[in-house]
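# Descriptive analysis of the structure
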Amino acid sequence: MPSWQHITYSNEIKDGHFGKSVAVGGWAQEVRNLGGISFLQLRDRFGVIQITSLKKRDPELFRQMTTIQRESVLLITGTVKESGEAKAGFEVIPETVAVLSEAMTPLPLGVVDKVGADLDTRLNNRFMDLRKPETRAIFQIRAKALEGIRGYLTSEGFVEVTTPKIVAAGAEGGATLFPIKYFDKSAYLAQSPQLYKQNLMGTGLDRIFEIAPAYRAEASDTVRHIAEFTSLDIELAFIESSEDVMAVAEGIAYNGLRHVKEAASEQLDMLGVEIPIPETPFPRMTYSEAIDLLKANGMKVEHGDDLGTEGEKLLGDVIMRERGCELYFITDFPTSLKRGTFYAKRHDDDPERTGYFDLDYMGQEIVSGGQREHRYDVLVEQMKENSMDLDSFEFYLKAFRFGMPPHGGFGFGIERYVQKMLHLPNIREAVLYPRDRLRLIP
Ligand code: AMO
């Protein structure tokens, strides 16, 4: 029996293989017995190979081929033959077949069924769902987006780091913290690497990024919130303003899309998705301008209000209609809305405004960040204003007492980016094994 190392994948079989013998392996997607001839569609990671058996050629092999359960794993040796009928232009005439793992019946989820299953059933049987090439395509595209992003950040001098996910204090408000037992202490799952990435700005590792899980105990079930998401975090020092930070957010969003378009065109075609490469710089509007635009478009909203899901969505529609842009910045959020963000720097000439920005993608926030407050005394004041227990944050504050350059950064939600890029109705489709209030298994 040939070893797995000698397996030929479906996409490797070319004209030169005609008349030659190969070993192929994969899942039995479909078995059709027409009496004297049978067709088995063997699916591997790249495509499907038709295995054609003739009863008169080898009755025992024919019997074996026609009694295989769908989705069983097979290793087949045989001869490649040119074929006008087979979709791929060739078929394999089998000589030996080994059933390496037999699939039970009924299947928990069809792989090629025309009737689509609901998302819950798909997620409950994710291993089966991922056998569908179009489901796998999402994660191949996601990987290419990250590849493009890493390439861009590395070329810009950013160093990839990893910070703890078991932490003693949260930075994004108590409501969404997951408490955990940590030996004889209480701890939390990190909501964001916020405190650590700022800490690093005082070290000389002053342009860093991290791509890691972040945890939020989100109580509401929405199509854009999950309890465990992948946060791309950036922090850079020696900046002059939030504009320096926005340039990096723009570079990431742009280069991720460009790389996906170049390196995952096959998967995009499979999903029927076109990616328009955005023009840079992305449009920028202030929060005040955004509110005026919403009001002009009939939304009941006042200056000082949160844009909310409805506002973000409407803004996305208006900007697409008026400017044809999918990605745009909303800048200068009022301090009143960012007060909980104790680390946000407020404008020196107008403390009621911050330089904080969101980057929205087709009506959904995917990035949030800005320049931080690096002056120790001001930072302490802002923390007091938020009734924070300074002792719990001593490790964070300490770094601000011994030389901390001006800095800024942001959190970029990878799943939201992929969701929007691929027009997925639910963020959960962009996560292999999503976590939410109701979902802990698989
Ligand atoms: P924020 O809380 O706005 O900022 O999060 C940054 C980005 O992370 C993504 N995100 C989520 N994605 C899916 N499910 C969730 N529950 C979820 N929560 C957040 C979004 C969001 O824009 N420390 C700051 C960042 C910074 O200032 O550096 C922070 O975490 O895409």
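In this report, we go over the structure that sits alongside the text. (Residues numbered from 1 in each chain as written. Predicted model: local features only at pLDDT ≥ 70, side-chain atom pairs only at ≥ 80, totals over all residues. Heavy atoms only, no water.)

## Side note on helix 4 (residues 133-155)
With 23 residues, helix 4 should cover 33 Å at 1.5 Å per step; its first-to-last C-alpha distance of 32 Å lies within 8% of that length. Residues Thr135, Ala137, Ile138, Phe139, Ile141, Arg142, Ala145, Leu146, Gly148, Ile149, Tyr152 and Leu153 constitute the buried set of helix 4. In the stretch just after helix 4, Gly157 is the one whose phi turns positive, near 85°. (Helix = DSSP H or I, 4+ residues; strand = E, 2+ residues; numbered from the N terminus. Expected span 1.5 Å × (residues − 1). Buried < 20%, exposed > 50% of the residue type's maximum accessible area, 1.4 Å probe, protein only.)

## Thoughts on the environment of Gly26
Secondary-structure assignment places Gly26 in strand 1 (residues 21-33). What makes Gly26 buried here is its relative accessible area of 6%. Every residue in contact with Gly26, bar those within four places of it in the chain, is listed here: Leu42, Arg43, Ser72, Val73 and Leu74. (Contact = heavy atoms within 4.5 Å.)

## Notes on the pairing of strand 15 (residues 350-354)
Where strand 14 (residues 346-347) lies against strand 15, two bridges are found, and the strand directions are antiparallel. In the sheet register, Arg346 faces strand 15, and the bridge partner there is Thr354. The hairpin formed by strand 14 and strand 15 contains two residues between the paired strands. (Pairing = 2+ DSSP bridges.)

## Considering the packing of aromatic side chains
If you walk through the whole model with that rule in mind, you get 13 aromatic pairs. For the ring pair Tyr182 and Phe183, a centre distance of 4.9 Å and an interplane angle of 70° mean the geometry is edge-to-face. The exposed category is assigned to Phe183, whose relative accessible area is 67%. (Phe/Tyr/Trp six-rings, centres within 6.5 Å; stacked < 30°, edge-to-face > 60°.)

## Side note on the sheet that holds strand 12 (residues 284-286)
Strand order in this open sheet of eight strands is 6-10-11-18-17-16-13-12, and the pairing throughout is mixed. Two strands close off the open sheet at either side, each with one partner strand: strand 6 (159-160) and strand 12. As defined by bridge partners, strand 13 (residues 327-331) adjoins strand 16 (residues 357-361) across four bridges and the pair is classed as antiparallel. Opposite Phe329, over in strand 16, you have Leu359 as the bridge partner. Packing of helix 9 (residues 308-323) onto the sheet brings it into contact with strand 12, strand 13, strand 16 and strand 17 (365-371), and relative to strand 13 it is tilted by some 125°. Running over the sheet, helix 13 (residues 414-421) touches strand 11 (228-237), strand 16, strand 17 and strand 18 (407-413) and is turned about 55° from strand 18. (Axes fitted to C-alpha atoms, helices over the stretch in contact; angles between N-to-C directions.)

## Section: helix 1 (residues 59-66)
Of all the residues in helix 1, the buried ones are Leu61, Phe62, Met65 and Thr66. Down the axis of helix 1, the sector holding all buried residues measures 125°, keeping them to one side. Where the residues of helix 1 are buried, they touch strand 1, strand 2 (37-43), strand 3 (48-54), strand 4 (73-82) and strand 5 (90-101). (Arc of directions from axis to C-beta.)

## Some remarks on the site of the ligand
Around the ligand, 23 residues are found, and the nearest of them are Glu172, Gln194, Lys197, Glu365 and Arg372. Interatomic distance of 2.8 Å between a side-chain N/O atom of Glu172 and a nitrogen atom of the ligand. At a separation of 2.9 Å, a nitrogen atom of the ligand approaches a polar backbone atom of Ile226. Compared with its free state, where it exposes 620 Å², the ligand has 93% of that area covered by protein. (Near = heavy atom within 4 Å. Polar contact = N/O pair within 3.5 Å; in protein donor to acceptor, adjacent residues only side chain to side chain. Areas by Shrake-Rupley, 256 points an atom, 1.4 Å probe, with all protein chains shown as cover.)

## Considering the sheet that holds strand 5
Read around the barrel, five strands follow the order 1-2-3-5-4 and close on themselves; strand pairing throughout is mixed. Adjacent strand axes in the sheet meet at a mean angle of 55°, parallel and antiparallel pairs treated alike. Note: strand 2 against strand 3, seven bridges, orientation antiparallel. Pairing of Ile37 across the sheet is with Leu54, part of strand 3.

## Section: the layout of surface pockets
When its volume is computed, the second largest pocket comes out at roughly 1000 Å³. Lining the second largest pocket are 39 residues, with Gln29, Gln41, Gly47, Val48 and Lys87 sitting closest to its centre. Of all the secondary structure elements, the ones that give two or more residues to the lining of the second largest pocket are strand 1, strand 2, strand 3, strand 4, strand 5, helix 4 and helix 7 (265-271). Split into classes, the residues belonging to the lining of the second largest pocket amount to 13 nonpolar, eleven polar and 15 charged. (1 Å grid on protein atoms, 1.4 Å probe; cavity = no way out; pocket = protein on both sides within 12 Å on 5 of 7 lines; lining within 4 Å. Points joined across faces, edges and corners; volume = space filled by probe spheres on them. Nonpolar A, V, L, I, M, F, W, Y, C, P; charged D, E, K, R; others polar.)

## Thoughts on empty space enclosed by the protein
A full pass over the atoms with the stated rule returns two cavities of 30 Å³ or more. Within this model, the largest cavity holds a volume of roughly 50 Å³. What lines the largest cavity is Val167, Ala169, Gly170, Ala171, Ser192, Pro193, Gln194, Leu195 and Tyr196. Ranked by residues supplied to the lining of the largest cavity, first place goes to helix 5 (residues 194-200) with three residues. Its residues assigned to classes, the lining of the largest cavity comprises six nonpolar, three polar and no charged. Space inside the second largest cavity adds up to approximately 30 Å³.

## Focus on the pairing of strand 2
Of all seven residues in strand 2, six are buried, a share of seventy percent or more. Pairing of strand 1 with strand 2 involves six bridges; the strand directions are antiparallel. Directly across from Arg32, in strand 2, lies its bridge partner Phe39. In this structure, the hairpin formed by strand 2 and strand 3 is closed by a connection of four residues.

## Thoughts on the pattern of salt bridges
Summed over the entire model, instances satisfying the criterion amount to 31 salt bridges. Residue Asp129 pairs with Lys132 through a salt bridge whose shortest N-O separation is 3.0 Å. The buried category is assigned to Lys132, whose relative accessible area is 12%. Across the pair Glu262 and Arg258 runs a salt bridge, and its minimum N-O distance is 3.7 Å. Residue Glu262 and its partner Arg258 are both found in helix 6 (residues 242-263); the two are separated by four residues, about one turn of the helix. Here the residues in one salt-bridge network are Arg122, Arg126, Asp129, Lys132 and Glu429, joined through shared partners. (Salt bridge = Lys/Arg side-chain N within 4 Å of Asp/Glu carboxyl O.)

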